[in-house]
Amino acid sequence: MRVSAKSDYALRALIEMASRADGRAVSAEELGRLQEIPHGFLQAILADLRRAGIVMSQRGQSGGWRMGRAAESVSVADVIRAVDGPLVSVYGLRPEAVSYNEAADVLQHVWIAARRSLRDVFEQVSIQQLSDGKLPKAVTTRTADEDAWQPH
């Protein structure tokens, strides 16, 4: 699986927003500076997140960006879908929409299983958990396995 720069940047910006105890808005410039995200790219990402209702913009002197929903109700999967679309796609189609001939039909099951595995992690981790640095046991158990850290 490839994690796009867009998803990575979106998650990092949201962690910054969620880590503000007072919930006050933060400027895109500050988010970009803190996380080393190019400003133009960040603006496009924030617009995608706003369209999904994940963040909201605030105008004025103390304006900027803040969470549009509670950070504990926004999952990593929500963010990836907001900025990149479906978690798994096969040449632009959702796995259930792909069709093969009889010999290769089994591949569809592999794509569906891969999506299920991604959901098992991405839908269980919230922005609040990332901000707090406290991942659910289902994730920490997977990362405790040394083989998980090995490139294959």
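Quick note: structure is the one above.
To keep things clear, this report deals only with the structure shown in the data block. Being a predicted model, the structure only gives us computed values, none of them experimental.

What counts, and where the lines are drawn
Residues numbered from 1 in each chain as written. Predicted model: local features only at pLDDT ≥ 70, side-chain atom pairs only at ≥ 80, totals over all residues. Heavy atoms only, no water. Helix = DSSP H or I, 4+ residues; strand = E, 2+ residues; numbered from the N terminus. Buried < 20%, exposed > 50% of the residue type's maximum accessible area, 1.4 Å probe, protein only. Contact = heavy atoms within 4.5 Å. Areas by Shrake-Rupley, 256 points an atom, 1.4 Å probe, with all protein chains shown as cover. Lys, Arg positive; Asp, Glu negative; His and termini not counted. Charge placed at Lys NZ, Arg CZ, Asp CG, Glu CD. Phe/Tyr/Trp six-rings, centres within 6.5 Å; stacked < 30°, edge-to-face > 60°. 1 Å grid on protein atoms, 1.4 Å probe; cavity = no way out; pocket = protein on both sides within 12 Å on 5 of 7 lines; lining within 4 Å. Points joined across faces, edges and corners; volume = space filled by probe spheres on them. Nonpolar A, V, L, I, M, F, W, Y, C, P; charged D, E, K, R; others polar. Pairing = 2+ DSSP bridges. Salt bridge = Lys/Arg side-chain N within 4 Å of Asp/Glu carboxyl O.

## Let's talk about the overall build of the protein chain
Item 1. Scanning the protein chain from terminus to terminus reveals seven helices and two strands.
Item 2. When the elements of the protein chain are put in sequence order from the N terminus, they spell out α-α-α-β-β-α-α-α-α.
Item 3. In terms of overall dimensions, the protein chain has C-alpha extents of about 60 × 35 × 25 Å along its principal axes.
Item 4. Scored against the burial criterion, the 152 residues of the protein chain give a buried share of 34%.
Item 5. Sequence-distant contacts, at least 24 apart, represent 55% of the contacts inside the protein chain between residues at least 6 apart.
Item 6. Carbon and sulfur atoms provide 51% of the accessible area of the protein chain, an area that totals close to 9,300 Å².
Item 7. Each charge sign in the protein chain was given a centre, from 19 positive and 19 negative side chains, and these centres are 6 Å apart.

## Notes on the packing of aromatic side chains
Item 1. According to the stated counting rule, one finds one aromatic pair in the structure shown.
Item 2. Judged by centre distance (5.4 Å) and plane angle (80°), the ring pair of Tyr-9 and Phe-41 falls under edge-to-face. Placement of Tyr-9 in helix H1 (residues 5-18) and of Phe-41 in helix H3 (residues 39-51) is noted, with a sequence separation of 32 residues between them.
Item 3. Relative accessible area serves as the criterion here: at 16%, Tyr-9 is assigned to the buried category.
Item 4. Residue Phe-41 is classed as partly exposed on the basis of its relative accessible area, which comes to 32%.

## Details of the layout of surface pockets
Rolled over the atoms, a probe as big as a water molecule pinpoints where empty space is left.
Item 1. What the largest pocket holds in volume is close to 470 Å³.
Item 2. In terms of lining, the largest pocket is formed by 15 residues, of which the most central are Val-121, Phe-122, Leu-135, Val-139 and Thr-143.
Item 3. Going through the elements one at a time, H1, helix H4 (76-84), helix H5 (106-122) and helix H7 (137-144) are the ones with two or more residues in the lining of the largest pocket.
Item 4. Its residues assigned to classes, the lining of the largest pocket comprises twelve nonpolar, one polar and two charged.

## What to know about the pairing of strand E1 (residues 55-58)
Item 1. Judged from the four bridges that link them, E1 and strand E2 (residues 64-67) form a sheet pairing that is antiparallel. Residue Ser-57 lies in a different strand from E2, and its bridge partner there is Trp-65.
Item 2. The antiparallel pairing of E1 with E2 creates a hairpin that spans five residues between the two strands, and Gly-60 there sits at a positive phi of about 105°.

## Looking at the pattern of salt bridges
Item 1. Taken as a whole and assessed by the stated rule, the structure comprises ten salt bridges.
Item 2. A salt bridge links Arg-51 to Asp-48; its shortest N-O distance comes to 2.4 Å. Linking Arg-51 with Asp-48, this pair stays in helix H3, spanning three residues, or about one helical turn.
Item 3. With a relative accessible area of 63%, Arg-51 lands in the exposed category.
Item 4. Between Arg-115 and Glu-96 there is a salt bridge, with its nearest N and O atoms 2.6 Å apart. With Arg-115 in helix H5 and Glu-96 in the loop between H4 and H5, the pair connects residues that are 19 residues apart, well separated along the chain.
Item 5. What makes Arg-115 buried here is its relative accessible area of 11%.

## A closer look at the environment of Gln-35
Item 1. Its location among the elements puts Gln-35 in helix H2 (residues 28-35).
Item 2. Leave out the neighbours within four places in its chain, and Gln-35 touches Arg-12 and Glu-16.

In short, shape yes, function no, at least from these values alone.
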